[in-house]
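Here is how the chains run, residue by residue.
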Amino acid sequence: MSNLKPALSSTTCSLHEPVKILASEENLLQIKPQTIPEFFHACCERFRDRPALAYKDEGVEEWTTISYGEYEKNVEQTALLLLHLGVQPRTSVGILSYNCPEWFYVNLAVTRINAVSTGIYTTNSAEAVHHILETSDASVVVVDDSQQLEKIRAIRSSLPQLKVVVQLHGPFDFGGEAQTEGYWRWSDLFQMQFSPSLREDLYRRERQVMANECALIIFTSGTVGMPKGCMISHDAIVYLTQAINHRFDFLNRGHERIVSYLPLNHVAGQLYATFMAMDNGTLTYFADRNALKGTLVKNFIAVQPTMLFGVPRVFEKIHEQLLKLEERSNCFRRMILQNARAAMLEYHVQRIKGKPTSFVKYWLASMVINRIKNALGLSFVKDAVIGGAPSSDELKSFFMALNGGTGIPVEGVEIKIKDPKGSRGEGEILMRGRTNFTGYLKDPLRTKEAVTEDGLILSGDIGYLDARRNLFISGRIKELIVTAGGENIPPVYIEDRIKKELPCLSNVMAIGDRRKYLTALLTFKTDMDPNTGYPQDTLLPESKEWLATLGLHYTHLSEMLHMAMPGNLLNFDPSRVEVQLDEKLEKALKSGIERYNRQAISNAQKIQYFTVLPHDFSIPTGELGPTLKIRRNVVHNKYAKVIDRMYCR
């Protein structure tokens, strides 16, 4: 095909090498290989007059809307300014910013000039940012504000290839004179007029882009060591976008709304908010910066999205918001809400089993449920997708009780189980298809460890296939606890079961690697500061309701644990905080652990001791990563002394 380069392998560690596309001739004809620029132009032509992006300027209440036609022009202007700054083919441009229209413009413009886009978590340290920019050969980095700019200033002297730094949003501490040193304001660049010859250079560059070359580098969050750069081709992104959207035949294309709040340097955030959105002609609203710190539901209420995607922790936060709403209701209304959710859950469970259901009962329950959904900003949601981490049965049941449904796998991806064991044939999940990442940038050893010679990706996930070839994921190999007795234990299963028994708990982390027995760290559900993301002292309704069943009526964590809440959660030694539990509370927590232990698959998987921590896990305190997953190595290091106490009894 004309937009494919000859390739020798399906993997590479270089930005200059194309890869073989792992697909049959039939599959290639069903969804033809495209570059991202080709795909983008086609989407903008199809939805030219429809709204594409909506954002709010600082301090302004009204939304500013960009049409798909304007979107295409803004990306072209961005591509021209990147050429003006000297970005060379097959080098990269770094983006260190919160979600905003400029993120989209830069990301897409980079692909038009035959370069590669590299997103960076705004929570990354200066050291991690240095590693990413150095590894990706970035000549330009676009930063959000002065806070992110300071990270670049601290490391720029040791990045000789980094020529230009562009700051998107003010306030600025530099003027036009700083351009000679390579510091630019976005507004100054975006307003420039460029020559026809530069525009011709852009079109020439765009014709050189090939679908089987790297388009994006997605760096891991770096929970163990420095982040690794996953290389993703144009074809992988476009194919996956179209394969998924093919299943969403219920959408009213050109009339859907979503909220962009997940970090865009994560592939899921980009796929959903950028590529799937443009393929559907969706209007993407940009959430405020505190969305993942506690204001997400506020954003949903303002936008009323029709599609929703998130990691399990995000959906748990929505669940917590509902419980807050229920707490503010009188006893009668609370009973009505709970009964309606129970009726809706029963309806969907019976429907899945193929059993007859009462439509009248469903209709009556839906009248109540619609009010709940409206209060959460979810009234118009047609499809809610959860992914990126394991989700508990309770969470899935909760959203099914809000009139949700289940998804189906994407076609065109081959699944195998490596060394299946046990009655279910459980083992490591292997995958192969056009969606494969092409390799780790400049890291052939890790690439060889992650991808077999015949193109199967070793996912690191443990799971099995049922008789209908449905895939079930039960844990992560790297998260496996290997006890001193040599037993391999998946911690997520244990943690989810304990949270089911003790709904007051926000996080549970099982401990026991190379230990004689398992223990657990527990955190209670508390409010989060919507501005900083730090956990607060106020207990959430689910915690208070659970305590009330014990005859305890605490409203604050510090009161319940008989301790002083640390003034600075970032720089305190948790081993110095003395937590004391009431006899009733300790007995109830032990009972919950014992109920789990009776279900444990083996004695080795039973929890022997536990410790309640002085605050919940969060991003700013380090226990959660940018996608809200537990950073297990960080927790092990931070609470090492607390953990050791459980093994000195």
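For the structure, check the block above.
Residues numbered from 1 in each chain as written. Predicted model: local features only at pLDDT ≥ 70, side-chain atom pairs only at ≥ 80, totals over all residues. Heavy atoms only, no water.

1. Observations concerning the overall build of the protein
Then, number 1: In terms of helices and strands, the protein carries 22 helices and 25 strands.
Then, number 2: For 649 residues, the compact-globule estimate of 2.2 N^0.38 gives 26 Å, and the protein sits close to it at 26 Å.
Then, number 3: Principal-axis analysis of the C-alpha atoms gives the protein an extent of 80 × 60 × 55 Å.
Then, number 4: A buried classification covers 55% of the 649 residues belonging to the protein.
Then, number 5: In the protein, 76 side chains carry a positive charge and 73 a negative one; their mean positions are 4 Å apart. (Helix = DSSP H or I, 4+ residues; strand = E, 2+ residues; numbered from the N terminus. Rg over C-alpha atoms; globule rule 2.2 N^0.38 Å. Buried < 20%, exposed > 50% of the residue type's maximum accessible area, 1.4 Å probe, protein only. Lys, Arg positive; Asp, Glu negative; His and termini not counted. Charge placed at Lys NZ, Arg CZ, Asp CG, Glu CD.)

2. So, the environment of Gln599
Then, number 1: Here Gln599 is to be found in helix 20 (residues 583–599).
Then, number 2: Along the backbone, Gln599 and Ile494 are 105 residues apart, and their C-alpha atoms lie at a distance of 9.7 Å.
Then, number 3: Apart from residues no more than four positions distant in its own chain, Gln599 is found in contact with Arg497 and Glu501. (Contact = heavy atoms within 4.5 Å.)

3. Structural notes on the sheet that holds strand 2 (residues 64–67)
Then, number 1: Pairing is mixed in the open sheet, where four strands are placed in the order 2-1-11-10. The outermost strands of the open sheet, each flanked by one partner alone, are strand 2 and strand 10 (257–260). Adjacent strand axes in the sheet meet at a mean angle of 20°, parallel and antiparallel pairs treated alike.
Then, number 2: The strands touched by helix 3 (residues 68–84) are strand 1 (51–55) and strand 2; relative to strand 2, the strand with the most contacts, the crossing angle is about 80°.
Then, number 3: Its contacts with the sheet put helix 10 (residues 267–280) on strand 10 and strand 11 (283–286), and the angle it makes with strand 10 is roughly 150°. (Pairing = 2+ DSSP bridges. Axes fitted to C-alpha atoms, helices over the stretch in contact; angles between N-to-C directions.)

4. What about the packing of aromatic side chains?
Then, number 1: Taken as a whole and judged by the stated rule, the model has 18 aromatic pairs.
Then, number 2: An angle of 75° between the planes, with centres 5.1 Å apart, marks the rings of Phe40 and Tyr71 as edge-to-face. In this pair, Phe40 is assigned in helix 2 (residues 36–46) and Tyr71 in helix 3, connecting sequence segments 31 residues apart. Accessibility assignment for this pair places Phe40 and Tyr71 in one class, buried.
Then, number 3: Following the ring pairs from residue to residue traces out a cluster consisting of Phe40, Phe47, Tyr68, Tyr71, Tyr105, Trp186 and Phe190. (Phe/Tyr/Trp six-rings, centres within 6.5 Å; stacked < 30°, edge-to-face > 60°.)

5. Describing helix 20
Because an α-helix completes one turn every 3.6 residues, residues spaced three or four positions apart along the sequence face the same direction.
Then, number 1: Compared with the 24 Å implied by 1.5 Å per residue over 17 residues, the 25 Å span of helix 20 between its first and last C-alpha is a close match.
Then, number 2: Those residues of helix 20 lying buried are Leu585, Ala588, Leu589, Gly592, Ile593, Tyr596 and Asn597.
Then, number 3: Those residues of helix 20 hidden inside the fold are in contact with helix 17 (491–501), strand 22 (518–524), helix 18 (541–548), helix 19 (557–561) and strand 25 (607–612). (Expected span 1.5 Å × (residues − 1).)

6. Considering the pattern of salt bridges
Then, number 1: Tallied over the entire structure, the rule returns 30 salt bridges.
Then, number 2: For Asp513, the salt bridge goes to Arg514, with nearest N and O atoms at 3.6 Å.
Then, number 3: For Asp513, a relative accessible area of 32% translates into the label partly exposed.
Then, number 4: When the shortest N-O distance is used, the salt bridge between Glu623 and Lys638 registers 2.9 Å. One end of the pair, Glu623, is in the loop between strand 25 and helix 21 (632–638); the other, Lys638, is in helix 21, and 15 residues separate them in sequence.
Then, number 5: Several salt bridges converge on common partners, so that one network encompasses Glu76, Arg112, Arg199 and Glu206. (Salt bridge = Lys/Arg side-chain N within 4 Å of Asp/Glu carboxyl O.)

7. Side note on empty space enclosed by the protein
Then, number 1: Summed over all chains, the structure comprises four cavities of 30 Å³ or more.
Then, number 2: What lines the largest cavity is Ser10, Val19, Lys20, Ile21, Leu22, Ser233, Asp235, Gly433, Arg434, Asn436, Phe437 and Thr438.
Then, number 3: Grouping the amino acids of the lining of the largest cavity by side-chain chemistry returns four nonpolar, five polar and three charged.
Then, number 4: Taken together, Ile258, Tyr272, Met276, Ala277, Asn280, Thr282 and Met307 make up the full set of residues lining the second largest cavity.
Then, number 5: Sort the elements by how many residues they give to the lining of the second largest cavity and helix 10 lands first, with four residues. (1 Å grid on protein atoms, 1.4 Å probe; cavity = no way out; pocket = protein on both sides within 12 Å on 5 of 7 lines; lining within 4 Å. Points joined across faces, edges and corners; volume = space filled by probe spheres on them. Nonpolar A, V, L, I, M, F, W, Y, C, P; charged D, E, K, R; others polar.)

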